[in-house]
Amino acid sequence: MHKISLDALASRLLERAAGSSAGRSAETVVGGHERTLRQTLIALTAGSSLAEHPNPGEATVLVLRGRVRMKAGDDHWDARTGDALIVPDAVHALEALEDAAVLLTVAKT
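Everything numeric in this text was worked out from a predicted model, so none of it was measured.

Participant: Teacher, can you tell me more about the overall build of the protein chain here?
Facilitator: Across its full length, the protein chain holds 1 helix and 9 strands. Reading the helices (α) and strands (β) of the protein chain from amino to carboxyl end gives α-β-β-β-β-β-β-β-β-β. In terms of overall dimensions, the protein chain has C-alpha extents of about 40 × 30 × 25 Å along its principal axes. Looking at the protein chain residue by residue over its 109 residues, the buried ones come to 37%. For the protein chain, contacts bridging at least 24 residues in sequence account for 63% of all contacts bridging at least 6.

Participant: What should I look at first to understand the sheet that holds strand β7 (residues 84-86) in this one?
Facilitator: Sheet architecture is open: 5 strands sit in the order β1-β2-β9-β4-β7, paired in antiparallel fashion. A single partner strand is all that each edge strand has here, and the edge strands are β1 (24-30) and β7. Strand-to-strand, the axes of this sheet are offset by a mean angle of 20 degrees, without reference to chain direction. Pairing geometry for strand β2 (residues 37-44) and strand β9 (residues 100-107), over 8 bridges, is antiparallel.

Participant: Which parts of the structure should I look at to understand the sheet that holds strand β8 (residues 92-96)?
Facilitator: Paired through their backbone hydrogen bonds, the strands of a sheet run either parallel or antiparallel. Ordered in space as β3-β8-β5-β6, the 4 strands form an open sheet in which the pairing is antiparallel. Either end of the sheet is taken by a strand with one partner, and the two such strands are β3 (49-53) and β6 (75-80). The mean inter-strand angle of the sheet, taken between neighbouring strand axes irrespective of direction, is 15 degrees. Pairing analysis gives 6 bridges linking strand β5 (residues 67-72) to β6, with the strands arranged antiparallel. The residue bridging Val-68 from the neighbouring strand is Ala-79, located in β6.

Participant: Would you take a moment to explain the side chain of Thr-40 for this structure?
Facilitator: Among the structural elements, Thr-40 can be located in strand β2. With relative accessibility at 19%, the residue Thr-40 sits in the buried group.

Cut-offs applied
Residues numbered from 1 in each chain as written. Predicted model: local features only at pLDDT ≥ 70, side-chain atom pairs only at ≥ 80, totals over all residues. Heavy atoms only, no water. Helix = DSSP H or I, 4+ residues; strand = E, 2+ residues; numbered from the N terminus. Buried < 20%, exposed > 50% of the residue type's maximum accessible area, 1.4 Å probe, protein only. Contact = heavy atoms within 4.5 Å. Pairing = 2+ DSSP bridges. Axes fitted to C-alpha atoms, helices over the stretch in contact; angles between N-to-C directions.

Keep in mind that these numbers describe shape and distance, not what the molecule does.
And the structure:
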């Protein structure tokens, strides 16, 4: 068994993101390229984003801190701490409306 404090990791990654010119930082929590299930904690400073990219497989985004907006075409969904978003099966982007930490879970097929 392995325990990870997502709260502590989110704090560290938000500090790292604040010092990054891109305004973001990430760390794989579970899995990797050779695994089906992957979880990555992503920290974004207010106004920073993950640019448009294709759907990685079945995926969800759980907001651990802050507020984010997911965009896909003309649609968008806002989420805040405690909300979960199902990643659309389309090209999409994620923007931090305020400093935020999210847990991306992907089942790569």
